[in-house]
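# Descriptive analysis of the structure
This is what each chain is made of:
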Amino acid sequence: MFYGLDIRSTRKDYPAQLHHALASDLIHLYSKEGDVVLDPFMGSGTVPLQATLNSRAGVGVDIEKKAIGVSYRSLSQPRFGEALQYILSQGDARCLPFKDNSIDLVITSPPYGIQFHEDVYYGNHLGNIANTQDWIGFRENLKLCLAEIHRVLKPGKVAVFVTEDLIKFNYPLNAYLTVDAEEVGLHYYTRGVRLFLR
């Protein structure tokens, strides 16, 4: 979570995009060349793109078909050449298609749900947790995603969650995220940015 920092990209082809410079900085801070970097809520593909541009293997998963198309377009621009290493997969963050202990770094900005951002449309897939109608169901679904992140993250590695606290909606997302992450085995690491260590 970053206070007073514009963490969103200005691109218009997908909602609520993570800023490229922030993703790149986090990749440099918490991984090394050759590491596998995952965004389980990939959206427009900022994290896989920045991972590949920084000599990591970029991996992105999103439940929405539109996200996969936008991400492929981002990653296949001619200016990047042929050497980018990435895997994009349409899938559910509650059931990630990766082996246990296979990911070196997770960077993500999970969706907040339609009850918090009525003006943001993430897509219409029935399994999209952004479309959960109530905050209790949203929290339960997000906790399932946290458990999957714990499963695929290598021991001693970091998961970064870039979030907005939704106090204005009487929903302390960051507090719930911290409690739920601890319950699935991720350990609170630092303030400001929600980092969890496995």
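Preceding block: the structure.
The numbering scheme is per chain: residues are counted from 1 as the chain's sequence reads. Totals for whole chains, interfaces and linings use every residue, but because this is a predicted model, local features are given only for residues with pLDDT of at least 70 and side-chain atom pairs only at 80 or more, for both listing and counting. Hydrogens are left out, water is left out, and the side-chain values use all remaining heavy atoms of the structure.

### Here's the deal with the packing of helix 4 (residues 135-152) against helix 5 (residues 173-184)
- Think of each axis as a best-fit line through the C-alpha atoms, taken over the contacting stretch in the case of a helix, with angles from 0 to 180 degrees between the N-to-C directions. Put simply, DSSP marks the helices as runs of H or I at least four residues long and the strands as runs of E at least two long, and each gets a number from the N terminus on. Closest axis-to-axis distance for the helix 4/helix 5 pair is 9 Å, and the angle between their directions is 45°. Between helix 4 and helix 5, the interaxial angle falls into the category oblique. Every pair of crossing elements has a handedness; the one defined by helix 4 and helix 5 is right-handed. Residues W135, F138, R139, L142, K143, L146, A147 and H150 of helix 4 lie in contact with helix 5, whose contacting residues are L173, Y176, L177, V179, D180, A181, E183 and V184.
- Only Asp, Glu, Lys and Arg are considered charged, only Ala, Val, Leu, Ile, Met, Phe, Trp, Tyr, Cys and Pro nonpolar, and every remaining residue, Gly among them, polar. Partitioned by chemical class, the residues of the contact of helix 4 with helix 5 number 11 nonpolar, one polar and four charged. Every angle not falling under 35 degrees, over 145, or within 65 to 115 is termed oblique; those three ranges are roughly parallel, roughly antiparallel and roughly perpendicular. Crossing handedness follows the turn of the near helix against the far one: under a right angle anticlockwise gives a left-handed crossing, and clockwise gives a right-handed one. Whether two residues are in contact is decided by their heavy atoms, any of which lying within 4.5 Å being enough.

### Examining the packing of helix 1 (residues 20-30) against helix 2 (residues 46-53)
- At their nearest, the axes of helix 1 and helix 2 sit 9 Å apart, and the two run at 55° to each other. One element, helix 1, and the other, helix 2, form an angle in the oblique class. Taken as a pair, helix 1 and helix 2 cross one another with a handedness that is right-handed. Where helix 1 abuts helix 2, its residues H20, A23, S24 and I27 lie against T46, V47, L49, Q50 and A51.
- Per-class residue counts for the contact of helix 1 with helix 2 are five nonpolar, four polar and no charged.

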